[in-house]
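Coordinate inspection notes
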4 protein chains.
Amino acid sequence: MIIVLKDGAQKKDVENLVDTLKTKGLDIHYSQGESTTIIGLIGDTTRVDPEAIAQLPAVGTVKRVSEPFKLANRKFHVGDTEVKVGASKIGGGTFGVIAGPCSVESERQLFEIAEKVKKSGACFLRGGAFKPRTSPYSFRGLKAEGIELLIAAKKQYKIPVVSELTSLDYIDLYQDVDIIQVGARNMQNFDMLLELGHSKKPVLLKRGLSSTIEELLMSAEYILAGGNANVILCERGIRTFETMTRNTLDISAVPVLKKITHLPVMIDPSHSGGRADIVPQLSKCAVVAGGDGLIVEVHNCPACALCDGAQSITPDTFDGLMTDIRKLCEMEGKRV
Amino acid sequence: MIIVLKDGAQKKDVENLVDTLKTKGLDIHYSQGESTTIIGLIGDTTRVDPEAIAQLPAVGTVKRVSEPFKLANRKFHVGDTEVKVGASKIGGGTFGVIAGPCSVESERQLFEIAEKVKKSGACFLRGGAFKPRTSPYSFRGLKAEGIELLIAAKKQYKIPVVSELTSLDYIDLYQDVDIIQVGARNMQNFDMLLELGHSKKPVLLKRGLSSTIEELLMSAEYILAGGNANVILCERGIRTFETMTRNTLDISAVPVLKKITHLPVMIDPSHSGGRADIVPQLSKCAVVAGGDGLIVEVHNCPACALCDGAQSITPDTFDGLMTDIRKLCEMEGKRV
Amino acid sequence: MIIVLKDGAQKKDVENLVDTLKTKGLDIHYSQGESTTIIGLIGDTTRVDPEAIAQLPAVGTVKRVSEPFKLANRKFHVGDTEVKVGASKIGGGTFGVIAGPCSVESERQLFEIAEKVKKSGACFLRGGAFKPRTSPYSFRGLKAEGIELLIAAKKQYKIPVVSELTSLDYIDLYQDVDIIQVGARNMQNFDMLLELGHSKKPVLLKRGLSSTIEELLMSAEYILAGGNANVILCERGIRTFETMTRNTLDISAVPVLKKITHLPVMIDPSHSGGRADIVPQLSKCAVVAGGDGLIVEVHNCPACALCDGAQSITPDTFDGLMTDIRKLCEMEGKRV
Amino acid sequence: MIIVLKDGAQKKDVENLVDTLKTKGLDIHYSQGESTTIIGLIGDTTRVDPEAIAQLPAVGTVKRVSEPFKLANRKFHVGDTEVKVGASKIGGGTFGVIAGPCSVESERQLFEIAEKVKKSGACFLRGGAFKPRTSPYSFRGLKAEGIELLIAAKKQYKIPVVSELTSLDYIDLYQDVDIIQVGARNMQNFDMLLELGHSKKPVLLKRGLSSTIEELLMSAEYILAGGNANVILCERGIRTFETMTRNTLDISAVPVLKKITHLPVMIDPSHSGGRADIVPQLSKCAVVAGGDGLIVEVHNCPACALCDGAQSITPDTFDGLMTDIRKLCEMEGKRV
């Protein structure tokens, strides 16, 4: 962190500033120019709030030089993190595909989809049981029963499962869920992040609709700081002014994240566009952009889905997509 | 809701569509043009998902005509809602000012600020006890102790208090808190909204960083649908590309909301800009834009605040601001 | 500007860097810390492109410390700039109101509006002659004839006039137009800015739909650098995800701009919202936010306007608004 | 277009509305429900402004059903448009790659790059001569001399050339330029679009930083309406809140555009990210997303580029990228 002092800063104020900084265990690197005086801070500045420092009377500007995340930072963990669930993997050269319905609606619906997506090559089954919905008048999921059905499908089809946790109150139900998804709306539910940091259960952390890449990494940092290294990041579209797609998939976030963090990075082509007709194209982008996987909504009857039918592809479309994904992964030197 | 059928829609598909709609208890208003057939839906369409309907094979486009919120809609509740706490009011012609520190830091800090803001004319004291922070390395509030100090200040200075609830786990601590604030990050924490709907406790619902005005009203609808009519809306800045302010205060949201809902509307000039130096100007806008109040951060020593010092104004600045607010309210025909 | 060197930067690369910087006439302030080496640049860095410097092999990060605009900067021009046209003024304590139709449609329409807005207290008449329209099938203005009508209205009602220049090709027609408006779409039409810099004609420079405050000032800098000091800035709404208003008025831009530049700052309450029903509220915000004026669309028959009827207020509404504006200006210590 | 009448609309007002609509040559499809009356408009509604109609006293809401663009609409032109320049093509199954420096800086620089990109497989050479720059203190291009050098390179290396036109004043210089680029800032320079519509010269139309997909198509419509069918669209990043990339590449715009228009669609991976290190990944996305080409900045010495060095890749990186592009095109069934 670099502090540029105000022109004409009072000596007393500068001394106070230096004392404040030393209290935080930082070394000071003081350098006096003709017209500008700069203070460089040496040490762990992740605990220093630049905006608070900027309030001190001697301070002109504060510029952060290093990233505020540490455990998620590739600088301090050069190799790729690989998240394993039994024989299935995501990251470290393996492209993982999670597929299934937005919501678990019935045994019949879930099992039919599970069978098909597994056959097509999905390595995880997704299914929502607790559904956050904008309107209080919409279907909100089968809840506990949905989780039970998901576990039943897991046993029946020997496929690990992923489901979204919307509140810590339900966490006991997720014992046999293999990957816990933290949805976009909960990306900054810090109590939830802290709690998930205390287990070893893999977490699929979705980027908030209006969260920066840095904020996503800060949220991952919460989980990592608790001791849980099994974090998968997921880009799922950000909110912009464009209305032809529900959100705007920030595909650049994939290569940017791969540079600055060692954590696996997925994309969600279903929620980002909100349109089934562009899911295959966006899914293929995930591979060539350097991503580590996909979470995609598949429904046996999109038109009668109780939730998000508009963005679900059919098992047939999914099967064709997997063929393309395999070819692209081979070209990119990835296992799928 | 209006459904425009696809050119050349199959008779069978149209019949299926009509059946589906009738199942939802809606009346059908069918009108055949030369080249286009339109179906108008009559009845309560708040429970109909336009995107799901759009998936049906006969359907070309679906256009919503009426708003998806009902209880929050001024059409069905013409007069202004007034939220009362003892002798203090917000809305219905009364401009309410909530002031206090971002975080409760100590008895001394809180009491000093409480005394001053009350003297200057604030009708509610704010103070955060559970602080959501982007970084796991930042101060996260005094928690239960913070709430206790807030209650102590309430008794000492006879001023009702407002504090943010970050998780339902802590709700028992909020018994004596007069208004529960739902922060921007929790605007779509639907479990929390449902729970708050079951009490009569006033709720200050902040707009999410990337939430539309309609989504804010849908979240209010969750609380209202549970039976709690004491909801105050708060515009606190949305995320845009501009970086000179932390967020962009959407001042237009105030007159827009006042047209379409009967609920009181406040603004938060502190979080929206993230800069103390523009808090007075934004605060005054709240009055002339037709708002019902303000929630503003005041700190006796902004530079040493443990949280959000950059956006806190001093008690002196607040006192000057209140003088201006009173003049503007008089001009606008409002009590303060 | 501060350059943080890469860890382990080669001596040769550092020497190259220093040479490159010295070539640009800058003094170097070199300071070696234990683990980080920082180079501070002293001199006029407005001509240095930080992104280009960041490409050099020795460079880790480049941080700008001072603003890239100079002539528009309040640091170097402390007093407020006042733009004068005959007896009318904008800025420097005078709140200027520009009013009139979006497009000049006919003599009768324009003269009727001109007479009314002058009577209500507008100090400038606006009227578009060349209209940029999204669709090639929309009305694009009366062009030369529109300018002629505007000049005729100026003479008839003794009121200076403002009109938008959409291309330098038409500049000869604008001889008797008192203030030339550069529209949002032309904010970065650098040829136009350079040309307008070579005259003394006042320029009303509108912020682009997705331009930052800094970019707006850089565009003003183009005009100022040419020698024309008569620049008025105008905030007119930025593009965001919200759809209930056409754009989002960034009211915070007003106090922010007033801090960092000496140029007058107006707002356009008509284009920002795109809705006549919120024009009065947004207009009043302009005063209390510290702005220097308003440009507002007034039409004698909004429903039959050929352009932007949805956002035009009637002469009666404008008259009532001016009464409020006068009261607010008095309270703020401004002439109107 | 569908008009929902106001509850309790006056008979006289409805008659006026119907007359107004008939004047525009539209047929009326009138249908009276129990509580709502709907008017459907049949005919060419591209000339009807929904916002103006919405102002009429009888009107509640106006909903557009069909797109406001016609000539660019795939509905009326099912096959893909292919833009040809001599033996080179873009669209219709051919993936076209345009490569070269941001700015033409010297004969040596340009020729060296031209030779290399041609050898690697680029089918067009790009080079800027008139450079729009945010700061008046930055390099603004070699202007006429830059165009001359570009034409010289075209002859020397037998490669067609692309350059940006920043003002109609310079159009005579572009006689031998094969494709005229309309930059993001000029996407709504309607005079320029109209003029380019009057020739047959291919136009590469870049999406504005904050323009919607629909607005991009409306701008293309301007050129098409003039009689020039050779329009190529280019997605080049939109402005969002994310700061780790200069803009946010809206990759979804590619498949969305391919559905609704017959025009070829390219992406610009250089400007969208503003970072050379992610150009290869974004470029590959262009192919799998269904795009028809790329425009990419290549510089023989990015660190010493006079403009946009940060986003230029080296000829070596470009060569590797072309190998990948060829493989992906083969997989997608495209010529390159």
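Please refer to the structure higher up on the page.
Treat the numbers as computed from the prediction; the structure is a model and nothing was measured.

1. Some details on the overall build of chain A
- Summing up its helical and strand segments, chain A has 10 helices and 14 strands in all.
- For chain A, with 336 residues in total, the buried portion stands at 63%.
- Of the contacts made within chain A by residues no fewer than 6 positions apart, 68% connect residues no fewer than 24 positions apart.
- When the accessible surface of chain A is summed, it comes to about 11,800 Å², and 48% of that surface belongs to carbon and sulfur atoms.
- Measuring between centres, the 41 positive side-chain charges of chain A sit 2 Å from its 41 negative side-chain charges.

2. Details of the pattern of salt bridges
- What the rule picks out here adds up to 76 salt bridges over all chains.
- With its nearest N and O atoms 3.2 Å apart, the salt bridge here joins Asp13 of chain A to Lys12 of chain A.
- Ionic pairing is found between Glu332 of chain C and Lys284 of chain B, a salt bridge with its closest N-O pair at 2.7 Å. With Glu332 of chain C in helix 10 (residues 315–332) and Lys284 of chain B in helix 9 (residues 279–288), this residue pair bridges two chains.

3. Comments concerning the relation of the copies chain A and chain B
- For the pair chain A and chain B, the relating rotation is 180°, the translation along its axis is 0.0 Å, and the fit reaches an RMSD of 0.0 Å. Within this description, the copies of the chain are treated as partners about a two-fold rotation axis. Closest approach to the rotation axis among the C-alpha atoms of chain A is made by Ser210 of chain A, whose C-alpha sits 2.8 Å away.
- Same-surface contact between copies: 100% of interface residues of chain A are shared with the interface of chain B.

4. Details of the pairing of strand 12 (residues 231–235) of chain A
Residue and element names in this part refer to chain A.
- In terms of burial, strand 12 is largely enclosed, as five of its five residues are buried.
- Side-chain alternation along strand 12 places Val231, Leu233 and Glu235 on one buried face and Ile232 and Cys234 on a second face that is also buried.
- The pairing of strand 11 (residues 203–206) with strand 12 spans four bridges and is parallel. Considered in strand 12, the bridge of Lys206 is made with Cys234.
- Each parallel crossover has a hand, and for strand 11 linked through helix 6 (residues 213–225) to strand 12 it is right-handed.
- Across three bridges, strand 12 lies against strand 13 (residues 265–267) in parallel orientation. Bridge assignment links Glu235 to a residue of strand 13, and that residue is Ile267.
- Once you follow strand 12 into helix 7 (residues 253–260) and on to strand 13, the crossover reads as right-handed.

5. So, helix 4 (residues 144–157) of chain A
All names here are of chain A.
- For helix 4, built from 14 residues, the straight-helix expectation of 20 Å at 1.5 Å per residue is met to within 8% by its first-to-last C-alpha distance of 20 Å.
- Listed in full, the buried residues belonging to helix 4 are Gly146, Ile147, Leu149, Leu150, Ile151, Ala153 and Tyr157.
- Once helix 4 finishes, Lys158 follows within two positions and takes phi at roughly 50°, a positive value.

6. Regarding the relation of the copies chain B and chain D
- Rotating chain B by 180° and moving it 0.0 Å along the rotation axis overlays it on chain D with an RMSD of 0.1 Å.
- Mapped onto chain D, 100% of the interface residues of chain B are again interface residues, and the two copies thus contact each other with one and the same surface.

7. Digging into the interface of chain B and chain D
- Contacts between chain B and chain D engage 16 residues on the former and 16 residues on the latter.
- Across the interface of chain B and chain D, roughly 1,500 Å² is buried in total on both sides, 71% from carbon and sulfur atoms.
- The largest share of the area that chain B buries against chain D comes from His29, Lys63 and Phe241 of chain B, three residues that together contribute 30% of it.
- At the junction of chain B and chain D, the tally comes to zero salt bridges.
- Of all elements in the fold, only strand 1 (2–5), strand 2 (27–32), strand 3 (37–42) and strand 4 (59–63) of chain B reach the threshold of two or more residues within the side of chain B that touches chain D.
- Per-element tally for the side of chain B that touches chain D: the top contributor is strand 2 of chain B, with three residues.
- Split into classes, the residues belonging to the side of chain B that touches chain D amount to six nonpolar, seven polar and three charged.

8. What about the layout of surface pockets?
- Considering only enclosed or pocket space, the second largest pocket measures out at about 310 Å³ in volume.
- For the second largest pocket, the lining is made up of 16 residues, of which Lys24, Asp49 and Ala52 of chain A together with Ala305 and Leu306 of chain B are closest to its centre.
- Partitioning the lining of the second largest pocket into residue classes produces 10 nonpolar, two polar and four charged.

9. A short note on the environment of Lys259 of chain B
- By secondary structure assignment, the location of Lys259 of chain B is in helix 7 (residues 253–260).
- When the C-alpha positions of Lys259 of chain B and Val78 of chain B are compared, they lie 10.0 Å apart, and in sequence the two are 181 residues distant.
- Beyond its immediate chain neighbours, meaning those up to four positions away, Lys259 of chain B contacts Arg74 of chain B together with Arg275 and Asp277 of chain C.

10. Things to note about the side chain of Glu215 of chain C
- Summarising the element assignment, Glu215 of chain C is placed in helix 6 (residues 213–225).
- According to the relative accessible area criterion, Glu215 of chain C is buried, its value standing at 14%.
- Apart from the residues lying within four places of it in its own chain, the contact partners of Glu215 of chain C are Met187, Gln188 and Ser210 of chain C together with Thr134 and Arg239 of chain D.

11. Remarks on empty space enclosed by the protein
- A full pass over the atoms with the stated rule returns seven cavities of 30 Å³ or more.
- The space that makes up the largest cavity amounts to roughly 180 Å³.
- Lining the largest cavity are 16 residues, and of these Pro132, Arg140 and Thr166 of chain C together with Phe190 and Asp191 of chain D sit closest to its centre.
- Its residues assigned to classes, the lining of the largest cavity comprises four nonpolar, five polar and seven charged.

12. Some thoughts on the packing of aromatic side chains
- Taken as a whole and judged by the stated rule, the model has 16 aromatic pairs over all chains.
- Judged by centre distance (4.1 Å) and plane angle (10°), the ring pair of Phe130 of chain D and Tyr170 of chain D falls under stacked. With Phe130 of chain D in the loop between strand 8 (124–126) and helix 4 (144–157) and Tyr170 of chain D in the loop between strand 9 (161–164) and strand 10 (179–182), this residue pair connects regions lying 40 residues apart in the sequence.
- Members of the aromatic cluster, connected to one another through ring pairs, are Phe130, Tyr170 and Tyr174 of chain A.

13. Here we look at the sheet that holds strand 7 (residues 96–100) of chain A
All names here are of chain A.
- The parallel closed barrel is built from eight strands, whose spatial order is 7-8-9-10-11-12-13-14. In this sheet, neighbouring strand axes are inclined to one another by 25° on average, regardless of whether the strands run parallel or antiparallel.
- Here strand 8 (residues 124–126) pairs with strand 9 (residues 161–164) via two bridges, running parallel. Note that in strand 9 the partner of Leu125 across the bridge is Val161.
- The sheet contacts of helix 9 (residues 279–288) involve strand 13 and strand 14 (293–297), and relative to strand 14 the element is tilted by about 165°.

14. Describing helix 9 of chain A
Residues and elements named next belong to chain A.
- With nine of 10 residues buried, helix 9 lies mostly within the body of the structure.
- Inspection of helix 9 places Val279, Gln281, Leu282, Ser283, Lys284, Cys285, Ala286, Val287 and Val288 among the buried residues, and these make up the whole buried set.
- Taken from the residues just after helix 9, Gly290 is the one with a positive phi, measuring 100°.

15. Brief notes about the sheet that holds strand 3 (residues 37–42) of chain D
Residues and elements named next belong to chain D.
- Strands sit in the order 2-3-1-4 across an open sheet of four strands; the sheet is antiparallel. The open sheet has two edge strands, strand 2 (27–32) and strand 4 (59–63), and neither has a second partner. With direction set aside, neighbouring strand axes in the sheet form an average angle of 20°.
- Both strand 1 (residues 2–5) and strand 3 contribute to a ladder of three bridges, which runs antiparallel. Within strand 3, the position partnered with Val4 by the bridge is Ile38.

16. Points about the interface of chain A and chain B
- Contact with chain A, which involves 41 residues of that partner, is made by 41 residues of chain B.
- Summed over the shared surface of chain A and chain B, the number is two salt bridges.
- In this structure, Arg239 of chain A and Glu215 of chain B form a salt bridge, with 2.7 Å as the shortest nitrogen-oxygen distance.
- Where chain A packs against chain B, one counts 17 residue pairs in polar contact (both at pLDDT 80 or more).
- Elements with a contribution of two residues or more to the side of chain A that touches chain B: helix 2 (50–53), helix 5 (190–197) and helix 6 of chain A.
- Taken together, the residues of the side of chain A that touches chain B break down into 17 nonpolar, 11 polar and 13 charged.

Thresholds, definitions, all that
- Residue numbers restart at each chain and count upward from 1, following the sequence in its written direction.
- Here chains are named by letter from A upward and ligands by number from 1 upward, in the order in which they appear as written.
- In keeping with the model being predicted, local features are shown solely for residues with a pLDDT of at least 70 and side-chain atom pairs are shown and tallied solely at 80 or more, while totals for entire chains, interfaces and linings include all residues.
- Water and hydrogen atoms were dropped before computing side-chain values, which therefore reflect all heavy atoms in the structure.
- In this description a helix means any DSSP run of H or I spanning at least four residues, a strand means any run of E spanning at least two, and both kinds are numbered starting from the N terminus.
- The rule is simple: take the accessible area with a 1.4 Å probe, protein chains only, and divide by the maximum for that residue type; under 20% is buried, over 50% is exposed, in between is partly exposed.
- Note on contacts: a residue pair is in contact if any heavy atoms of the two residues lie within 4.5 Å.
- Methods summary: accessible areas were calculated by the Shrake-Rupley approach with a probe of 1.4 Å, and residue burial reflects only the protein chains presented.
- This count recognises Lys and Arg as positive and Asp and Glu as negative, with His and chain-terminal groups excluded.
- Each charge is placed at NZ for Lys, CZ for Arg, CG for Asp and CD for Glu.
- We define a salt bridge as a contact between a side-chain nitrogen of Lys or Arg and a carboxyl oxygen of Asp or Glu at a distance within 4 Å.
- To line up the copies, we fit them by least squares on C-alpha atoms, keeping just the residues with pLDDT of at least 70 in both.
- In short, DSSP must find at least two bridges between two strands for them to pair.
- A clockwise path from the first strand over the helix to the second, with the strands pointing away from the viewer, defines a right-handed crossover.
- A helix is expected to reach a length of 1.5 Å times the quantity of its residues less one.
- Buried area is understood as the total, over both parts, of accessible area removed when two parts are fitted together, assessed with a 1.4 Å probe.
- Lys, Arg, Asp and Glu make up the charged group, whereas Ala, Val, Leu, Ile, Met, Phe, Trp, Tyr, Cys and Pro make up the nonpolar group; the residues left over, Gly among them, are polar.
- A cavity here means a set of 1 Å grid points, computed over protein atoms only, where a 1.4 Å probe fits but cannot escape. A pocket is an open set with protein on both sides within 12 Å along at least 5 of 7 lines, and lining residues have an atom within 4 Å of a point.
- Grid points are joined across faces, edges and corners, and a volume is the space filled by probe spheres set on the points.
- Classification of ring pairs uses Phe, Tyr and Trp, with its six-membered ring standing for Trp, and accepts pairs whose centres are within 6.5 Å; under 30 degrees between planes counts as stacked, over 60 as edge-to-face, and the remaining range as tilted.
- Axis geometry follows a simple rule: fit a line to the C-alpha atoms, using only the stretch in contact for helices, then measure angles between N-to-C directions, giving values from 0 to 180 degrees.
- Think of a polar contact as two N or O atoms within 3.5 Å of one another; within protein, one of them needs to be a possible hydrogen donor and the other a possible acceptor, and neighboring residues in sequence only count if both atoms come from side chains.

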